[in-house]
Amino acid sequence: MKAIELEKAYDPKSFEDRIYNEWENKGYFKPVSDEKNPVHCQCAACNEKTNTYSVVIPPPNVTGVLHMGHGLNNTLQDIVVRYHRMKGDNTLWVTGTDHAGIATQNVVERQLKKEGKSRNDLGREKFIERTWTVKEDHHNTIVKQQRKLGNSTDWERERFTMDEGLSKAVRDVFVTLYERGLMYRGKRLVNWCPRCGTALADDEVDHEDTQGAMYHLYYEYADGSGKIEVATTRPETFFGDTAVAVNPSDERYTALVGKKLKLPLTGKEIPIIADDYVDKEFGTGMVKITPAHDPNDWEVGKRHNLEVINLLTPDGRLNENVPEKYRGLKPEEARKLVIEDLTEAGLFKGEEKMVHSVGHCYRCKTVVEPYLSDQWFVKMKPLADKALAAWKKGEIQFFPQKWENTYEQWLVNIRDWCVSRQIWWGHRIPVWYCQKCGEVIVSREDPSKCPKCGCGAEDLKQDPDVLDTWFSSWLWPFSTLGWPEKTVDLEKFYPTTALVTAYDIIFFWVSRMIMAGLEFTGKAPFHDIYIHGLVRDKQGRKMSKSLGNGMDPLEIIDMYGADALKFTLGFMCAQGQDILIDKDSFKLGSRFCNKVWNASRYLLGNLEGRNLVPVTDADLTELDKWIYSRLNNAVKIAREALDTYRYNDAASALMEFFWNEFCDWYVEATKINFKNGDDKEKDRQATVLMDILEESIRLLHPYLPFVTEEIYGKLPLEELVKTRKVDNKIITASTYKGMLINAPFPEYSEARANAMVEERFDALKELIAKVRATKVDCGIDPAIKINIAIKIEKGSAAEVAREKVEMIQLLGGVAKVDFVDAKPASSIGAVGAGFEVFVLVDESINKEQLISRFQKAIEKEQGYARMSENKLNGNFAQHAPANLVEEERQRLAESQRKIATLQSYLKELQ
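Computed from a predicted model, the values in this text were never measured in an experiment. (Residues numbered from 1 in each chain as written. Predicted model: local features only at pLDDT ≥ 70, side-chain atom pairs only at ≥ 80, totals over all residues. Heavy atoms only, no water.)

Below, the discussion takes up the packing of aromatic side chains. Tallied over the full model, the rule gives 42 aromatic pairs. Here F239 and Y326 contribute two aromatic rings whose centre-to-centre distance is 5.0 Å and whose plane-to-plane angle is 40°, an arrangement assigned as tilted. Taken as a pair, F239 in the loop between strand 8 (227-232) and strand 9 (243-246) and Y326 in the loop between helix 8 (295-304) and helix 9 (331-344) lie far apart in primary sequence, 87 residues in all. Residue Y326 is classed as buried on the basis of its relative accessible area of 2%. Grouping aromatic residues by their ring pairs yields a cluster made of F174, Y178, W376, W417, F471, W474, F478, W483, Y494 and F520. Sitting over the face of the ring of W424, R119 holds its NZ or CZ atom 4.9 Å from the ring centroid. Seen from the ring of F160, K135 lies directly overhead, with NZ or CZ sitting 4.3 Å from the centre. (Phe/Tyr/Trp six-rings, centres within 6.5 Å; stacked < 30°, edge-to-face > 60°. Helix = DSSP H or I, 4+ residues; strand = E, 2+ residues; numbered from the N terminus. Buried < 20%, exposed > 50% of the residue type's maximum accessible area, 1.4 Å probe, protein only. Lys NZ or Arg CZ within 6 Å of the ring centre and 35° of its normal.)

Ranked by internal contacts, the top residues of the largest apolar core, which has 144 residues, are M68, Y647, F658, F662, Y703 and I788. If one sorts the elements of this core by residue count, helix 20 (residues 647-676) sits on top with 14 residues. (Core = buried A, V, L, I, M, F, W, Y, C linked by side-chain atoms within 4.5 Å.)

Read from one edge to the other, the open sheet built from four strands follows the order 27-26-29-28, with strand pairing classed as mixed. The open sheet is flanked by strand 27 (814-819) and strand 28 (827-832), the only strands paired with a single partner. For this sheet the average axis-to-axis angle between neighbouring strands, irrespective of direction, equals 25°. In terms of strand pairing, strand 28 meets strand 29 (residues 835-840) through six bridges, oriented antiparallel. In the sheet register, G832 faces strand 29, and the bridge partner there is F835. Of the strands in this sheet, strand 26 (786-792) and strand 27 are in contact with helix 26 (residues 805-812), which crosses strand 27 at around 140°. (Pairing = 2+ DSSP bridges. Axes fitted to C-alpha atoms, helices over the stretch in contact; angles between N-to-C directions. Contact = heavy atoms within 4.5 Å.)

Right, let's get into the packing of helix 20 against helix 24 (residues 755-777). Close contact between helix 20 and helix 24 brings their axes to 13 Å; oriented N to C, the two are set at 75°. Between helix 20 and helix 24, the crossing angle belongs to the class labelled roughly perpendicular. Contact residues: helix 20 offers N660, E661 and W665, while helix 24 offers K765, I768 and R772. The residue inventory of the contact of helix 20 with helix 24, partitioned by class, reads two nonpolar, one polar and three charged. (Parallel < 35°, antiparallel > 145°, perpendicular 65-115°, else oblique. Nonpolar A, V, L, I, M, F, W, Y, C, P; charged D, E, K, R; others polar.)

It is worth spelling out a positive patch on the surface at this point. Taken together, the side chains of R110, K113, K114, R195 and K545 define a basic patch exposed on the protein surface. As for its position among the elements, R195 is in the loop between strand 5 (183-193) and strand 6 (198-200). A residue is classified by how much of its surface remains accessible, and R195, at 33% relative accessible area, is partly exposed. (Patch = residues over 30% accessible without salt bridge, like charges linked within 9 Å, V, L, I, M, F, W, Y side chains within 5 Å. Areas by Shrake-Rupley, 256 points an atom, 1.4 Å probe, with all protein chains shown as cover. Salt bridge = Lys/Arg side-chain N within 4 Å of Asp/Glu carboxyl O. Lys, Arg positive; Asp, Glu negative; His and termini not counted. Charge placed at Lys NZ, Arg CZ, Asp CG, Glu CD.)

Turning our attention to the environment of W410. Within the element layout of this structure, W410 appears in helix 11 (residues 403-412). As for W410 and T237, which are separated by 173 residues in sequence, their C-alpha atoms are 30 Å apart.

Time to look at the sheet that holds strand 18 (residues 431-434). Remark on secondary structure: sheet strands pair via backbone hydrogen bonds, oriented parallel or antiparallel. What the three strands build is an open sheet, ordered 19-18-20; its pairing is antiparallel. The open sheet has two edge strands, strand 19 (440-442) and strand 20 (460-462), and neither has a second partner. Taken over all neighbouring pairs, the strand axes of this sheet differ in orientation by 30° on average, direction set aside. Two strands pair when backbone bridges link them, and strand 18 and strand 19 are joined in this way by three bridges, in the antiparallel orientation. Each bridged residue has a counterpart across the sheet, and for W432 the counterpart in strand 19 is I441.

Along the chain, K765 turns up in helix 24. Despite its burial, K765 pairs with no opposite charge; the closest candidate is E661, at 4.3 Å N-O. Leave out the neighbours within four places in its chain, and K765 touches W626, N660, E661 and W665.

Once that is clear, we can look at the packing of helix 27 (residues 847-873) against helix 29 (residues 882-909). Two quantities define a packed helix pair, namely the angle between the helix axes and the distance between the axes. Between helix 27 and helix 29, whose axes approach to 8 Å, the crossing angle comes to 155°. When the axes of helix 27 and helix 29 are compared, the pair comes out roughly antiparallel. The hand of the helix 27/helix 29 crossing is left-handed. Among the residues making up the contact of helix 27 with helix 29, the classes are represented as 15 nonpolar, six polar and eight charged. (Left-handed = near helix turned anticlockwise from the far one by under 90°.)

What follows is about the side chain of N310. Note on placement: N310 falls in the loop between helix 8 and helix 9. For N310, a relative accessible area of 16% gives the class buried. Within the structure, the side chain of N310 is placed 3.0 Å from the backbone oxygen of L312, a separation counted as a polar contact. In this structure N310 touches A292, H293, N319, N321, Y371 and L372, once residues within four positions along its chain are discounted. (Polar contact = N/O pair within 3.5 Å; in protein donor to acceptor, adjacent residues only side chain to side chain.)

Let us now look at the pairing of strand 11 (residues 269-274). Where strand 9 and strand 11 come together, three bridges link them in parallel fashion. The partner of A245 across the bridge, within strand 11, is I273. By the bridge criterion, three bridges tie strand 10 (residues 260-262) to strand 11 in an arrangement that is antiparallel. Residue pairing for strand 11: K262 is matched across the bridge by E269. Between strand 10 and strand 11, which pair antiparallel and follow one another directly, the connecting turn spans six residues, one of which, L265, has a positive phi of 65°.

Below is the structure:
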């Protein structure tokens, strides 16, 4: 046959887009149950044996472009989706995007601000129109990135959280919760973002350590008999105080309960009350109570029926409930003025600088204010109880398992969810208020009249608020499949199989999806929950625009190709750990892609004049049996790892097998047969090589989809299929001839496992590695052929060396091999399992130069060792981080090892 030519250089830009378009256009991203899939089959036998594997993508926000965190998340999903597709599962990966209410509205408002406008200048309808335009622009960018990444998602099933179907699901859920008594409206203390002008849920508040102060104030008794001391981090809020509390068991203050205090700078009086909330050991044991501006004070206020005085406007300024001179000021401006006035009045004792935790809006980073407001809430405890029960019954499983504790704690301590937002972009709350009779109408459809007084739609005013973004996202696993309608997709693919997501949204999203799935479908929305780490820079910092350490996945793809990005991220993704990378990290994946390309190019290019022939298991050499056993081992590790989301373990096994065992050992060793064998042997060897390459390419595909598909399309599959023998147990490769994306994933076979052959070749590899290492230590050019002697322990696996002399010569760079019973004179030895190997210092090596080299190398290493010892014996060991100290210890140990080895060599020569 003719040689098959691959381009000399690996150039992913020349084929990645072409291959992706072919996959999509031919329907390979669709489940096999879909008639548009080229291998679609609806026969009873196929349906009976086919498992379903379905995944919904965590929908990226339409606020910008994908970052490397998205690149990791999408890559991990694509790997397992491709794996299960190749396993023959009926596989569906649903894609889509999230409208991201507050975040997207912020993007548009920033645009308007640059134009000197606000959303109120446009009005609600025009503002929403403009936001849809922004959504479309960002959506198009995101889709382009996802295609470049190689996401094998079914694009015809793409969804958006505000599309018609999902909007219907959102309304249905809101009304259903209301009908079940789980949705209510009430005036409550909420987290309020003055910048966004909306309420936030508890888990939308990021708490950050902030420099502040504890301010100590005096409150005078109303009867003029003295004063007390209280402390606060926010003195400007005391205008909203309606009591001062003490612990009822605090004997210091028992007689003061009920006594009145004068509120500074006002004409008001407030009482001293007793409540168990107060820690009598903290400070003075007296706490000012501001029910409208502190969650704990709110609870105290409810218990004592205290007045609730809101001090803030929606934009975060002081309102009419403070003295006139402070009105309209921002809290930090009012604080300075209040301290000045209290000082002048003799009511300010002083301040202590401190660092305390302050809540910030998770989107715009503005300081969040506790704020009294009418909002819609979901009663969460009944939902959380079901989610906890599902976990305890094993209906959901976390990978890694440690995240179960986080899940449990959040559900046990859950609070009602504030779901209304005072913004315009999002799902409008399906509630109308009759302007004539005051009736509240909660409806799945827009009402045409009031059901109570009969007035028309013109007298019905819809609630102006929209729902929290997460209110649509928590329905994602089933709403994307058609719920509340009973669709074919919902029946076939729900519950989904797995969720792959980062740990930073366990509260926002994962837990709520489980609650929603159980409440509205009666089933947990997925079984496997794989929680991966975050992508950080090499210093461990989270990537952000402000730090300038972010990476665009498209930039990496442009530099190295999508496969390099995917393999690197998969290789580095260990369960329970964040990924620390920079741009150079992706050279790892790029080198592996190049290795796969170059190895394939070499093997295909050497088919010139060869014929692929039927090969039976009996025709296999011991070398062949070894590589099939190692391939079998890689298959086993990969399958077990991918079934349990241990991405790095699978990637490591694939790289070790293909690069080290297949290319560096097996392919190199087969050169002996091509050099010495006759045409029959060369044809046999070429066939075995093609067989292993074909299966290896299938094994690598989930991690390297593009380059493997390009190579697979060049393989002589027609000729290879003709060589298959039905009764073979070792050569059992597939007879599949379509695109690689749908080829069968390799399977583990007990018949291939050969521990005895592996033991013999492990000994042979160790012996050759010792020879190579000794040459390096001696500074001998790898191209120079040396003479060696081998002493073998009788009955050990190392006796294989007697049968593989030619392989030792080829792979070890050896001219002559002698087998001896004792150490030869003038030789340098190395010990392995069952053998000693000696490099002979004869006429092929300059002995004097070698002695001089060893002496200089020993002096150099001794210098390194002294430096390490000085560091470890000095201040470094006491003050440096533990990891740096450990690295220094390892450096010292390595220097000491090298010194000992070199001294033994020198002794041998002298």
